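# Chain and residue survey
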Amino acid sequence: MTYIQKIKNLAAGFVFVLICCLLAPATTFAQTPVQRKIDGIVAKVDNHIILRSELEFTYLQYLAQSKQQDAPGLKCQLLESMVQDKLLLARAEIDSVVVEESQVNGELNERVNYIVQQAGGVERVEQYYNKTLKQLKDDLRRSIKEQLVVAKMQRQIYEKVTVTPKEIRNYFDAIPTDSLPYFSSEVEIGQIVKYAQVSKQQKAIARQKLEDIKARILAGEDFATLAKQYSDDVGSAQDGGELGFFKRKELVPEYEATALKLEPGQISNVVESQFGFHLIQLIEKRGQEFNSRHILIKPATATINVEEAIAEMDSIRTLIVNDSMTFAKAAKEFSDDKNTKDNGGMLSNRATGDPYFPMEQVDPAIFFVIDTMNVGEISKPIAFTTPDGVQAVRIIYLKSKSVPHLANLRDDYQKISNAAIQEKRGKAVDAWFKKNLDTVYIQIDPEFQNCQILQAVNQ
């Protein structure tokens with residue numbers, strides 16, 4: 001596997017670190033002698049540039065993720081990967097390949113919400129970065145949009161790439177025996193989740209709060225100002241509750257159905273969804289897209305009935321244990337986890353895309369449950385809190401658990417198949433890269449004149 005392929009694979013491992021770097025306070029690199037050394041442009045691809053600081057950051061993160069001290073030609077390989085991404089962006093502009101703003105907005109809000117949750121609140125984020133949440137979102141928007149465009153271009157290049165069983169075997173046979181990877185114990189895990197329900201009293205309080213806010217707006221106060229002050233949607237509150245343009249079926253049904261019935265400027269009645277209670281104002285309709293703002297109030301969780309959710313989950317577990325229903329069917333019918341319910345309840349490893357998790361990478365809250373389970377067992381109901389702060393209950397299914405071993409085709413066919421197709425896709429992108437090098441303007445800093453990327457450009 002080339003460095004470029006390894007870099008692409010490792011990239012998912014430090015996305016959050018990269019976000020933090022992009023949003024770093026102005027003083028992060030300031031007041032150090034290194035500042036003057038690492039600043040400046042090291043490569044330019046049409047109107048897209050690569051800064052020395054970006055290359056240095058990527059280099060240090062690669063070393064940290066791969067646990068290496070250094071590697072010959074590593075910076076050249078990294079620079080080539082970065083230039084490759086910029087070339088994809090440049091060609092996307094030429095070929096009019098775009099991503100929808102609704103997709104950018106959705107990804108942006110998801111990442112900002114994650115940052116806020118990790119930091120412990122909006123105020124702590126703004127204090128640390130010395131920027132408002134809106135400024136942080138503005139800083140992130142371009143980067144996220146570029147990432148989505150690059151991913152779309154890559155998919156177009158290798159969407160028809162497949163591997164045959166013979167190619168998979170040839171790929172495995174080409175790996176030297178002393179280079180075969182050693183796999184630690186890995187598990188396949190499923191879960192069925194039930195969200196604990198908020199009491200009727202807390203729902204009534206949340207609804208009334210929004211009714212009072214609506215009354216203030218109708219009396220002349222500004223919707224956006226009140227959204228900034230009261231909305232529990234931290235991703236949009238700093239933008240006055242504005243979500244940006246979305247297409248049909250991209251927002252929860254209750255929200256979308258209400259918003260589309262409004263005229264621009266009109267304000268809805270209070271609407272309930274899985275996220276809480278919304279007050280919605282339509283800003284603009286544009287073809288099949290619409291832009292709206294909202295104020296979200298989440299009911300207080302002090303009186304959430306966790307015991308009721310535990311009892312319900314225990315009944316579901318009994319059905320499965322008594323063979324009255326399969327785990328997959330129960331997940332589809334009962335689970336509140338939309339990310340897994342249509343996948344038989346099985347969790348997916350985001351870093352690899354497959355269902356296998358090395359034991360050392362399993363969420364600690366799950367690790368200590370499955371550590372004492374046998375394959376095929378289902379845990380008793382366990383109360384937990386979701387990443388977005390929702391109290392819930394789940395049962396966990398341990399589908400499989402491997403013993404540590406050297407890679408082989410019998411036990412690791414899917415992993416080897418995934419590696420083979422990733423290599424073939426990488427070659428397809430590399431071939432496209434070389435074919436399109438002379439279709440855009442590329443300039444590389446003389447410091448990197450001995451790198452392969454520079455030689456390829458000059459050929």
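These notes cover the structure that comes with them. (Residues numbered from 1 in each chain as written. Predicted model: local features only at pLDDT ≥ 70, side-chain atom pairs only at ≥ 80, totals over all residues. Heavy atoms only, no water.)

### Brief notes about the pattern of salt bridges
Inclusion rule: Throughout this description, the term salt bridge denotes a Lys or Arg side-chain nitrogen within 4 Å of a carboxyl oxygen of Asp or Glu. Helix and strand definitions here come from DSSP, where helices need a minimum of 4 consecutive H or I residues and strands a minimum of 2 consecutive E residues; each element is numbered from the N-terminal end. Residue exposure (1.4 Å probe, protein chains only): buried if accessible area is under 20% of the type maximum, exposed if over 50%, otherwise partly exposed.
Applying the stated criterion to the full structure yields 21 salt bridges. Of the charged contacts in the structure, one is a salt bridge between Lys247 and Glu100, with a shortest N-O distance of 3.2 Å. Of this pair, Lys247 sits in strand β5 (residues 242–247) while Glu100 sits in the loop between α5 (74–94) and α6 (101–119), placing them 147 residues apart in sequence. For Arg216, the salt bridge is made with Glu221, and the minimal N-O distance between the two is 2.9 Å. We classify Glu221 as partly exposed; its relative accessible area is 36%. Salt bridges sharing partners connect three or more residues here, namely Lys86, Arg142 and Glu146.

### A look at the sheet that holds β5
To be explicit about the condition: Any two strands with at least two DSSP bridges between them are considered paired. Axes here mean lines fitted to C-alpha atoms, for a helix over just the part in contact, with angles spanning 0 to 180 degrees between N-to-C directions. Whether two residues touch is decided by their heavy atoms; if any such pair falls within 4.5 Å, the residues are in contact.
Strand order in the open sheet made by the four strands is β5-β8-β7-β6, with antiparallel pairing throughout. Either end of the sheet is taken by a strand with one partner, and the two such strands are β5 and β6 (271–273). Shown here is a sheet whose adjacent strand axes are inclined to one another by a mean of 45 degrees, direction ignored. Bridging between β5 and strand β8 (residues 289–297) involves five bridges; their strand directions are antiparallel. Its bridge partner lying in β8, Phe246 is registered against Phe290. Contacts from helix α10 (residues 200–218) reach β6, β7 (276–286) and β8, with the element oriented near 40 degrees to β7.

### What to know about the packing of aromatic side chains
Formally: Between 30 and 60 degrees the pair is tilted, below 30 it is stacked and above 60 it is edge-to-face, where a pair is any two Phe, Tyr or Trp rings, Trp via its six-membered ring, whose centres lie within 6.5 Å.
Taken as a whole and assessed by the stated rule, the structure comprises three aromatic pairs. Centre to centre, the rings of Tyr128 and Tyr129 are 4.8 Å apart; their planes meet at 80 degrees, and the pair counts as edge-to-face. Classification of Tyr128 by relative accessible area gives exposed; the value is 55%. Overall, the relative accessible area of 6% leaves Tyr129 in the buried class. Between Phe327 and Tyr397, the ring centres sit 4.8 Å apart and the planes meet at 35 degrees, which makes this aromatic pair tilted. Placement of Phe327 in helix α15 (residues 327–334) and of Tyr397 in strand β11 (residues 391–401) is noted, with a sequence separation of 70 residues between them.

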